[in-house]
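Residue strings, one per chain:
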Amino acid sequence: MRTRVKICGITRIEDALEAIEAGADALGFVFYKPSPRYVTPEKAGEIIGQLPPFVSTVALFVNEPSDDIYRILEMSHCDLIQFHGDESAEFCQSFNRPWIKALRVKDAESLSLQMLEFKQARALLLDSYRPGVPGGTGETFNWELIPEDPPRPIILAGGLTPENISSAVHRLQPYGVDVSGGVEAQKGIKDPAKIHAFIRGANP
């Protein structure tokens, strides 16, 4: 089965269109102000309004209050929510919209428990664990910790690059992969050559 690819941390229309041309299935918009890839809801909405059809747009939140989430979704017109903080399953489910939950992989036991807790998610995004950092570390984690039969489709994230994506997909066969820093020229600005190389590597 083809591996779906999400290019996250989109801040510019040219990067969004480049990713789509290269074959990206989804684009991620970071609504977490401490992130160097933060984009305002207004800017995200402006970019999304210029996109062609059949590309999913994903709103990334980290412990955002529900009122702000509703407001940002209305302004940005994102299709899907990605929760990247300490949100409960009940909170994630409360927006009546498809969602995915990012889990920071620390050890096998805690990962298994979290997977069961968030089994209502459309997919589970597995990212690297670093204390106090919600994501975007640019580091891989121990892939051996991923169970062979997860309860939901797996989106692999954390330290993926054009150089390691082929081996990651071949070894783990995830439903999808998610990259941000691995295809950047600088934080928040994508590198077209890296985007194309990454997507070719995900589906050789």
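So, here is what we can say about the structure in this document. (Residues numbered from 1 in each chain as written. Predicted model: local features only at pLDDT ≥ 70, side-chain atom pairs only at ≥ 80, totals over all residues. Heavy atoms only, no water.)

### Points about the overall build of the protein chain
What counts is decided by this rule: Note on conventions: DSSP H or I runs of at least 4 residues are helices, E runs of at least 2 residues are strands, and numbering of each starts at the N terminus. Throughout, radius of gyration means the C-alpha value; the globule benchmark is 2.2 Å times the number of residues raised to the power 0.38. Burial classification: accessible surface area is computed with a 1.4 Å probe over protein chains only, and a residue below 20% of its type maximum counts as buried, one above 50% as exposed, and the rest as partly exposed. Whether two residues touch is decided by their heavy atoms; if any such pair falls within 4.5 Å, the residues are in contact. Only the protein chains shown count as cover for residues, with accessible areas throughout obtained via the Shrake-Rupley method and a probe of 1.4 Å. Lys and Arg are tallied as positive, Asp and Glu as negative. Neither His nor the chain termini are counted. A charge is said to be at NZ when it belongs to Lys, at CZ for Arg, at CG for Asp and at CD for Glu.
Within the protein chain one finds seven helices and 10 strands. Taking 2.2 N^0.38 as the reference for a compact globule, 204 residues should give roughly 17 Å; the C-alpha atoms of the protein chain span a radius of gyration of 16 Å, in line with that estimate. Principal-axis analysis of the C-alpha atoms places the extent of the protein chain at approximately 40 × 40 × 30 Å. A total of 204 residues make up the protein chain; the buried ones form 50% of that total. Here the contacts in the protein chain between residues at least 6 apart in sequence split such that 53% fall between residues at least 24 apart. Counting every atom, the protein chain has about 9800 Å² of accessible surface; 50% of that belongs to carbon and sulfur. If you average the places of the 21 positive and of the 27 negative side-chain charges in the protein chain, the two averages end up 2 Å apart.

### Examining the sheet that holds strand 7 (residues 154–156)
Applicable threshold: For two strands to count as paired, DSSP must find a minimum of two bridges between them. Axis lines are fitted to C-alpha atoms, over the contacting stretch for helices. Their N-to-C directions set the angle, which ranges from 0 to 180 degrees.
The eight strands lie next to each other as 1-2-3-4-5-6-7-8, forming a closed barrel whose pairing is parallel. Taken over all neighbouring pairs, the strand axes of this sheet differ in orientation by 30° on average, direction set aside. Looking at chain direction, strand 5 (residues 99–105) and strand 6 (residues 123–128) are connected through six bridges and run parallel. Residue pairing across strands places Val105 opposite Ser128, the latter belonging to strand 6.

### What about the nonpolar core?
The condition is simple: Here, nonpolar core refers to any group of buried Ala, Val, Leu, Ile, Met, Phe, Trp, Tyr and Cys residues whose side-chain atoms link them within 4.5 Å.
Core analysis: the largest hydrophobic core is formed by 54 residues, its most contacted members being Ile7, Leu27, Phe29, Phe31, Leu126 and Val177. By residue number, the principal contributor to this core is helix 1 (residues 13–22), which donates five residues. In this structure, Phe29 is in contact with Ile10, Val39, Ala44, Ile47, Ile48, Thr57, Val58, Ala59, Leu60 and Cys78, ignoring residues within four places of it in sequence. Grouped together as the second largest cluster of nonpolar side chains are nine residues, Ala26, Ala102, Ala123 and Ile155 included.

### With respect to the packing of helix 2 (residues 41–48) against helix 3 (residues 66–76)
For clarity, the cut-off: Charged residues are taken to be Asp, Glu, Lys and Arg, nonpolar residues to be Ala, Val, Leu, Ile, Met, Phe, Trp, Tyr, Cys and Pro, and polar residues to be all remaining types, Gly included.
Where helix 2 meets helix 3, the closest approach of the two axes is 7 Å, and the angle between their N-to-C directions is 35°. Two secondary-structure elements touch here, helix 2 through Pro41, Glu42, Ala44, Gly45 and Ile48 and helix 3 through Arg71, Ile72, Met75 and Ser76. A class-by-class count of the residues in the contact of helix 2 with helix 3 yields five nonpolar, two polar and two charged.

### Re the packing of aromatic side chains
This is how the line gets drawn: In this scheme Phe, Tyr and Trp rings, the latter by its six-membered ring, pair at centre separations within 6.5 Å, and the angle between planes marks the pair as stacked below 30 degrees, edge-to-face above 60, and tilted otherwise. In this analysis the charged atom, NZ for Lys or CZ for Arg, is taken to sit over a ring once it is within 6 Å of the ring centre and within 35 degrees of the ring normal.
Inspection of the entire model under this criterion finds seven aromatic pairs. Between Phe83 and Phe91, the ring centres sit 6.0 Å apart and the planes meet at 70°, which makes this aromatic pair edge-to-face. Judged by relative accessible area, which is 0%, Phe83 ranks as buried. On the numbers, 5.2 Å between centres and 75° between planes, the contact of Phe91 with Phe95 is edge-to-face. Residue Phe91 is classed as partly exposed on the basis of its relative accessible area of 23%. Judged by relative accessible area, which is 6%, Phe95 ranks as buried. In textbook terms, an aromatic cluster arises when at least three aromatic residues are bridged by ring pairs, as seen for Tyr70, Phe83, Phe91, Phe95, Trp99 and Phe118. Lying over the aromatic face of Phe118, Lys101 brings its terminal NZ or CZ to 5.1 Å of the ring centre.

In short, shape yes, function no, at least from these values alone.
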